[in-house]
Amino acid sequence: MRIDILTLFPEMFAGVLSSSILGKAREKEIVDFHVTNFREFSESKHGTVDDTPYGGGGGMVLKPEPLFRAVESMAGEKKPRVILMCPQGVPYNQKLAEELAKEEHLVFVCGHYEGYDERIREHLVTDEISIGDYVLTGGELAAMVVIDSVVRLQPGALGNQTSAVEDSFSTGLLEYPHYTRPAEFRGWKVPDVLLSGHHANIVKWRLKESLRRTRERRPDLLKKLELTAEMKKLLAELDAEKKI
Ligand SMILES: NC(=O)c1ccc(NCc2cccc(O)c2)nc1
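Starting from 1, residues in each chain are numbered consecutively following that chain's sequence as written. Confidence filtering applies because this is a predicted model: local features only for residues at pLDDT of at least 70, side-chain atom pairs given and counted only at 80 or more, and all residues used for totals across whole chains, interfaces and linings. Note: side-chain values were computed over all heavy atoms of the structure, leaving out hydrogens and water.

### What to know about the overall build of the chain
Thought 1: Secondary structure follows DSSP: runs of H or I at least 4 residues long count as helices, runs of E at least 2 residues long count as strands, and numbering of each begins at the N terminus. Along its length, the chain carries 10 helices and nine strands.
Thought 2: Radius of gyration: over C-alpha atoms. The globule rule applied is 2.2 Å multiplied by the number of residues raised to the 0.38 power. The C-alpha atoms of the chain give a radius of gyration of 23 Å, which is well past the 18 Å a tight globule of 244 residues would have.
Thought 3: Along the longest, intermediate and shortest principal axes, the C-alpha atoms of the chain span 70 × 40 × 40 Å.
Thought 4: Only protein chains enter the accessibility calculation, which uses a 1.4 Å probe; a residue whose area is less than 20% of its type maximum is buried, one above 50% is exposed, and one in between is partly exposed. A buried classification covers 42% of the 244 residues belonging to the chain.
Thought 5: Summing over all exposed atoms, the chain offers an accessible surface of approximately 14,800 Å²; the carbon and sulfur share of this is 54%.
Thought 6: Under the convention used here, Asp and Glu are negative, Lys and Arg are positive, and both His and the chain ends fall outside the count. Taken as the charge location is NZ of Lys, CZ of Arg, CG of Asp or CD of Glu. One way to put it: in the chain the 33 positive side-chain charges average out to a point 8 Å from where the 38 negative ones average out. Only the protein chains shown count as cover for residues, and all accessible areas are computed by the Shrake-Rupley method using a 1.4 Å probe.

Below, the structure is given as C-alpha cells:
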C-alpha cells in the first residue's frame, strides 16, 4: 500500500511514521509512506499556498493550484483515494478503516483551519473524513490517526502475536478485561476462570464481560449488533445478576 501525505509541516510525521507498528510496517515494505510539502508545488516564487477570500472576510483560504499539482504529480496508474481531513467530514470509524485498508493508494490532504478553496473539495478530493467533533490546528494529527488505524490492519503489520480481528469494534463489542502475571497483586486477584485452563469457559467469560462492558459504556454499539443466541443468553444472565 502506498500512502502519500500532503502537508505544510512534513516534520510532524517523522517520528510517527518511523516508530512502533508504522515503522515496522515500513521496514517490512507492507506500506510505502511519502510525505510532501505542497508548498513546493506553488507557482509563485514565494511559495504562496493561500490567499485572502473572495467576498471579503477574515482568514486565508488554501489556493487550489498547489494541491492540484501535488496530487497530479503522485497519481499512479490507478486514481488514488484523495482524503481531506476536516471537521465537516464523514465521521471516522473502524468500518471506514477496514474499507480504506483495502485500497492500494491513499493520499491525505492536511490543511489548516483557514479553510480550503471549494474547488479542492469538488474536483480533487474523493473523501472528506473527520475523526471527531472538535477542531484541531491542522489535519496532520487527524491523518496520523487514520493512517495508524489503516496500516495496522494490513496483513503482517501486527506480527503473529496479536491480530486485529479480536480488537474492540472489530467484533462490534468493547474489549473484555485483560490480566497478566502476577495472579495476585496487592490482594487483587485474577478471575479464577482465567487460571482454570478451561478454554470454553474462558471464551464464554470473555464474551460475557465484553457484553457487560459494552452495555454499561456504549449501549449505542449494542443496539447496532445482530445478537447471537449465545449473546442473548449471556445478556439475560447479566440482567439476572443485576436483579440479585
Ligand atoms: N475532527 C477532524 O478530523 C479535524 C480535521 C482537521 C482539523 N483542522 C484543520 C481543518 C481543515 C479544514 C477545515 C477545517 O475547519 C479545519 N480539525 C479537526
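### A short note on the site of the ligand
Thought 1: Around the ligand, the surrounding shell holds 16 residues, and the nearest of these are Tyr116, Ile131, Gly132, Tyr134 and Leu136.
Thought 2: Pairing of N or O atoms within 3.5 Å defines a polar contact, subject to two protein rules: one partner must be a possible hydrogen donor and the other a possible acceptor, and residues neighboring in sequence count only if both atoms are side-chain atoms. Residue Gln88 places a side-chain N or O atom 3.5 Å away from an oxygen atom belonging to the ligand.
Thought 3: One of the backbone N or O atoms of Gly132 is found 2.8 Å from a nitrogen atom in the ligand.
Thought 4: Burial of the ligand by the protein amounts to 98% of the accessible area it has alone, namely 430 Å².
Thought 5: Sorting elements by how many residues they give to the shell around the ligand places strand β5 (residues 81-91) first, with four residues.
Thought 6: Broken down by class, the residue content of the shell around the ligand amounts to 10 nonpolar, six polar and no charged. For this description, a residue counts as near a given molecule or strand if any of its non-hydrogen atoms is within 4 Å of it. By the convention adopted, Pro, Cys, Tyr, Trp, Phe, Met, Ile, Leu, Val and Ala count as nonpolar, Lys, Arg, Asp and Glu as charged, and the other residues, Gly among them, as polar.

### A closer look at unusual backbone geometry
Thought 1: Geometrically, the link from Arg181 to Pro182 is a cis peptide bond, its omega value of 5° lying close to zero.
Thought 2: Following the sequence through the fold, Pro182 ends up in the loop between α6 (140-151) and β8 (184-185).
Thought 3: We note that Ser20 has phi near 50°; this positive angle belongs to a residue other than glycine.
Thought 4: Note on placement: Ser20 falls in helix α2 (residues 20-27).
Thought 5: In this structure, Glu29 is a non-glycine residue whose phi angle is positive, near 60°.
Thought 6: Note that Glu29 resides in the loop between α2 and β2 (32-37).
Thought 7: Since its relative accessible area comes to 70%, Glu29 is described here as exposed.

### Details of α6
Thought 1: Working rule for helices: expected span equals 1.5 Å times residues minus one. If you check α6, its first and last C-alpha atoms are 16 Å apart, about what 12 residues at 1.5 Å a residue would give, namely 16 Å.
Thought 2: Listed in full, the buried residues belonging to α6 are Glu140, Ala142, Ala143, Met144, Val146, Ile147, Ser149, Val150 and Val151.

### Focus on the pattern of salt bridges
Thought 1: The term salt bridge refers to a side-chain nitrogen of Lys or Arg lying within 4 Å of a carboxyl oxygen of Asp or Glu. Evaluated as defined, the whole model comprises 16 salt bridges.
Thought 2: Note that Lys208 and Glu237 form a salt bridge whose closest N and O atoms lie 2.8 Å from each other. Here the residue Lys208 occupies a position in helix α8 (residues 199-217), and Glu237 occupies one in helix α10 (residues 229-243), the gap between them amounting to 29 residues.
Thought 3: Overall, Lys208 belongs to the buried group, its relative accessible area being 11%.
Thought 4: Two residues, Asp239 and Arg215, come together in a salt bridge whose shortest N-O distance is 2.5 Å. One end of the pair, Asp239, is in helix α10; the other, Arg215, is in helix α8, and 24 residues separate them in sequence.
Thought 5: Residue Asp239 is classed as partly exposed on the basis of its relative accessible area, which comes to 33%.
Thought 6: For Arg215, a relative accessible area of 24% puts it in the partly exposed group.
Thought 7: Among the charged side chains, a network of salt bridges with common partners joins Lys204, Lys208, Glu209, Arg212, Lys233, Glu237 and Glu241.

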